[in-house]
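Here are the chains, one letter per residue:
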Amino acid sequence: DSRPHNRRPHFEPAEHSSMVTYLRSYRDVIGHFKEDRVNAWHKLQREQLYHFVLFMLNSGLRVGEAREMRWRDIRFDVEHGKSDDGTNDPICVVEVRKNTKKSQNRDVQTQPNANKTLKEWRSKTPYARENDLVWFGQQKADDGKPKPFTNLNKSFQQFLARIPVDEAEEG
């Protein structure tokens, strides 16, 4: 959209709901994203993108901050006061390291859905030890450990382009 506006790019509620539905199809290789030949590594990457997007929607972290996250940086199931709707679902708190954009350590409190999706992702990732990266890219050839991802934006843009939107040629 080339019109001037004051808001940062965002998803409207209907777009958000549609995107999450299509993310599930993408993760599960069904429906609009059904493909016959998806290997195990690609399925893991699809699962990771699903959880990464859900986490980012519910955390407020910058992409560069999330890229540096390790499991040791997360405190799960933190109790907090009741929300406006009266629920008291636990949240997680992420310690953001100094080597990110703001060059300072800080703690970020997430929404309850971020706590849920991180716990689910940790149960599925092969890299769930305390010092492992939460979000990763390709594996290194020398030791088999993954590198931080360099750019999930390309994968996310390709995913978004495949979502049917009204009469647009691309999503």
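As the structure is a computational prediction, the values presented were derived from the model and not from experiment.

Colleague: Honestly, the packing of aromatic side chains in this entry has me stumped. Any pointers?
Modeller: Within a pair of aromatic rings, the relevant descriptors are the distance that separates the centres and the angle that separates the planes. Taken as a whole and assessed by the stated rule, the structure comprises twelve aromatic pairs. Ring centres of Trp41 and Phe136 lie 6.0 Å apart, and the angle between their planes is 40°; on these two criteria the pair is classed as tilted. With Trp41 in helix 2 (residues 40–57) and Phe136 in the loop between helix 4 (112–124) and helix 5 (153–161), this residue pair connects regions lying 95 residues apart in the sequence. What makes Phe136 buried here is its relative accessible area of 3%. Both rings, one in Phe55 and one in Trp135, keep their centres 5.9 Å apart while their planes meet at 40°; by these two values the pair is tilted. With a gap of 80 residues between them, Phe55 in helix 2 and Trp135 in the loop between helix 4 and helix 5 connect regions that are remote in the sequence. As far as the burial class goes, Phe55 and Trp135 line up, both buried. An aromatic cluster is built from Trp41, Phe52, Phe55, Trp121, Tyr127, Trp135 and Phe136, whose rings are joined through pairwise contacts.

Colleague: Would you mind going over the packing of helix 1 (residues 13–28) against helix 2 with me for this structure?
Modeller: Axes are the key here: two packed helices are described by the angle between their axes and the distance separating the axes. Where helix 1 contacts helix 2, the axes come no closer than 9 Å and their chain directions differ by 160°. Our classification of the angle between helix 1 and helix 2 gives roughly antiparallel. In the crossing of helix 1 with helix 2, the sense of the turn from one axis to the other is left-handed. On the side of helix 1, the interface is formed by His16, Met19, Val20, Leu23, Arg24, Tyr26 and Arg27, while helix 2 contributes His42, Arg46, Glu47, Leu49, Tyr50, Val53, Leu54 and Leu57. In terms of residue class, the contact of helix 1 with helix 2 is built from nine nonpolar, two polar and four charged.

Colleague: Looking at this structure, I do not really get the sheet that holds strand 1 (residues 74–78). What am I missing?
Modeller: What holds strands together in a sheet is hydrogen bonding between their backbones, with the strands either parallel or antiparallel. Taking strand neighbours across the sheet as the criterion, the three strands line up as 1-2-3 in an open arrangement whose pairing is antiparallel. The sheet is open, and its two borders are formed by strand 1 and strand 3 (106–109), each paired with just one other strand. Each strand of the sheet is rotated relative to its neighbour by a mean of 20°, with strand direction disregarded. Of the pairings in the sheet, the one linking strand 1 to strand 2 (residues 91–96) comprises three bridges and is antiparallel in character. Of the residues in strand 2, the one forming a bridge with Ile74 is Val94. Here helix 4 sits on the sheet and contacts strand 1 and strand 2; the angle it forms with strand 1, its principal contact strand, is near 120°.

Procedures and definitions
- As a convention, each chain's residues are numbered from 1 in the sequence order in which they are written.
- Only residues with pLDDT of at least 70 are given local features in this predicted model, and only at 80 or more are side-chain atom pairs given and counted; all residues enter the totals for whole chains, interfaces and linings.
- With hydrogens and water set aside, each side-chain value is computed from the structure's full complement of heavy atoms.
- For Phe, Tyr and Trp, rings pair up if their centres lie within 6.5 Å, where Trp contributes its six-membered ring, and each pair is then called stacked (planes under 30 degrees apart), edge-to-face (over 60) or tilted (otherwise).
- Secondary structure elements follow DSSP: runs of H or I no shorter than four residues count as helices, runs of E no shorter than two count as strands, and numbering proceeds from the N terminus.
- Relative accessible area decides the class of each residue, using a 1.4 Å probe on protein chains only: under 20% of the type maximum gives buried, over 50% gives exposed, and in between gives partly exposed.
- Axis definition: a line fitted to C-alpha atoms, limited for helices to the stretch in contact. Angles are taken between N-to-C directions and run from 0 to 180 degrees.
- In this scheme, roughly parallel covers angles under 35 degrees and roughly antiparallel covers those over 145, while 65 to 115 is roughly perpendicular and the rest are oblique.
- Whether a crossing is left-handed or right-handed is set by the direction in which the near helix is turned from the far one by less than a right angle, anticlockwise for left-handed and clockwise for right-handed.
- Throughout, a residue-residue contact means that at least one pair of heavy atoms, one from each residue, lies within 4.5 Å.
- Put simply, Ala, Val, Leu, Ile, Met, Phe, Trp, Tyr, Cys and Pro go in the nonpolar bin, Asp, Glu, Lys and Arg in the charged bin, and everything else, Gly too, in the polar bin.
- Only when DSSP finds a minimum of two bridges between them are two strands counted as paired.

The analysis is restricted to geometry; functional conclusions fall outside its scope.
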